[in-house]
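One letter stands for each residue in the lines below.
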Amino acid sequence: AVVGTLAAQYDALQQKGIYTPETAAAIAEQLAPSLKAPLTYKTFSIVDIATINDTSYARMKQYQADLRAALAPLSDNSTPELLIFNLYVQTGDPKYLDQLRALAQDYADAADAAAKVVVPQDAVPEHVAILNAMEQFGASLSALADNAHDPITTVALLQSYNDAEGDMVMSFNTFASYVMDHSKT
């Protein structure tokens, strides 16, 4: 739809004789936020989570440690994912796309491991949000790697990546609030 709108705008500018690359760039910039590529990924719900009724501070600390262990595959990455993608764009070297695919797999592995963690009943919404955010983020990385050769799809995927990254930050911030709130009781 966005590409169709761009084409229609281009055609209208050409017919009026007012087309310039600057005008086209301005229109494209206005439409860029609406460019989003749909992502397919595994989603979790409350019924997928093993829970425990114990919501004590000690149980929360155990849960926090279990979750940290489940997320261990993510700690090996010290290079921002977008920087890796940028290195591919600059060099064309497919090794960077392989790195993105490996990172996408790390997110899927971490989500699978975290899905097996027994969660205090009062932390289930936060836990589900983390699982889904990791799956979404991993899917965005995989899609970027698989479609890096297509500039229009890449632009749409970068917006989807930004959304996924935002969901990751929000889910972990919400989890941090859960931990902080539990630490006060």
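Residues numbered from 1 in each chain as written. Predicted model: local features only at pLDDT ≥ 70, side-chain atom pairs only at ≥ 80, totals over all residues. Heavy atoms only, no water.

Peer 1: Break down the pattern of salt bridges for me, with residues and values.
Peer 2: Taken as a whole, this structure holds three salt bridges when the rule is applied. Between Lys-42 and Asp-112 there is a salt bridge, with its nearest N and O atoms 3.6 Å apart. Taken together, the positions of Lys-42 in the loop between helix H2 (21–31) and strand E1 (51–52) and Asp-112 in helix H5 (residues 95–115) put the pair 70 residues apart, joining distant regions of the chain. Taking the relative accessible area as the measure of exposure, Asp-112 reaches 30% and is therefore partly exposed. Shared partners join several salt bridges into a network, and the residues in it are Asp-98, Arg-101 and Asp-146. (Salt bridge = Lys/Arg side-chain N within 4 Å of Asp/Glu carboxyl O. Helix = DSSP H or I, 4+ residues; strand = E, 2+ residues; numbered from the N terminus. Buried < 20%, exposed > 50% of the residue type's maximum accessible area, 1.4 Å probe, protein only.)

Peer 1: An account of the packing of aromatic side chains is requested, with residue identities and associated values reported.
Peer 2: As enumerated under the stated definition, the model contains six aromatic pairs in all. An angle of 80° between the planes, with centres 5.8 Å apart, marks the rings of Tyr-63 and Phe-175 as edge-to-face. Taken together, the residues span a long stretch of sequence, with Tyr-63 in helix H3 (residues 57–70) and Phe-175 in helix H7 (residues 151–184) at a distance of 112 residues. Take Phe-175: its relative accessible area is 9%, and that puts it in the buried class. Ring centres of Tyr-107 and Phe-137 lie 5.0 Å apart, and the angle between their planes is 70°; on these two criteria the pair is classed as edge-to-face. One end of the pair, Tyr-107, is in helix H5; the other, Phe-137, is in helix H6 (residues 124–146), with 30 residues separating them in the sequence. Each member of the pair, Tyr-107 together with Phe-137, is buried. (Phe/Tyr/Trp six-rings, centres within 6.5 Å; stacked < 30°, edge-to-face > 60°.)

Peer 1: How would you summarise the environment of Tyr-107 if you had to cite specific residues and measurements?
Peer 2: Note on Tyr-107: relative accessible area 10%, which makes it buried. Note: C-alpha distance between Tyr-107 and Gln-136 (29 residues apart in sequence) is 9.0 Å.

Peer 1: Which residues make up the nonpolar core, and what are the values?
Peer 2: Ranked by size, the top nonpolar core spans 45 residues in total, and within it Tyr-63, Met-134 and Leu-141 carry the most contacts. At the level of elements, H3, helix H4 (81–91), H5, H6 and H7 are the ones that each hand at least two residues to this core. A per-element tally of this core places H6 first, with eleven residues. Beyond its immediate chain neighbours, meaning those up to four positions away, Leu-141 contacts Glu-81, Leu-100, Leu-103, Ala-104, Tyr-107 and Tyr-161. (Core = buried A, V, L, I, M, F, W, Y, C linked by side-chain atoms within 4.5 Å. Contact = heavy atoms within 4.5 Å.)

Peer 1: Outline the packing of H4 against H5, listing residues and values.
Peer 2: Close contact between H4 and H5 brings their axes to 8 Å; oriented N to C, the two are set at 160°. With respect to H5, the element H4 is oriented roughly antiparallel. Here H4 and H5 pass one another in a crossing that is left-handed. On H5, the residues touching Glu-81, Ile-84, Phe-85, Leu-87, Tyr-88 and Thr-91 of H4 are Tyr-96, Leu-97, Gln-99, Leu-100, Leu-103 and Tyr-107. (Axes fitted to C-alpha atoms, helices over the stretch in contact; angles between N-to-C directions. Parallel < 35°, antiparallel > 145°, perpendicular 65-115°, else oblique. Left-handed = near helix turned anticlockwise from the far one by under 90°.)

Peer 1: Explain the side chain of Ser-171 to me, and be specific about the residues and the numbers.
Peer 2: As for its position among the elements, Ser-171 is in helix H7. Within the local environment of Ser-171, its side chain forms a polar contact with the backbone oxygen of Met-168, the two atoms lying 3.0 Å apart. Apart from residues no more than four positions distant in its own chain, Ser-171 is found in contact with Ala-129, Ile-130 and Ala-133. (Polar contact = N/O pair within 3.5 Å; in protein donor to acceptor, adjacent residues only side chain to side chain.)

Honestly, that's just the spatial picture; any functional story needs more than this.
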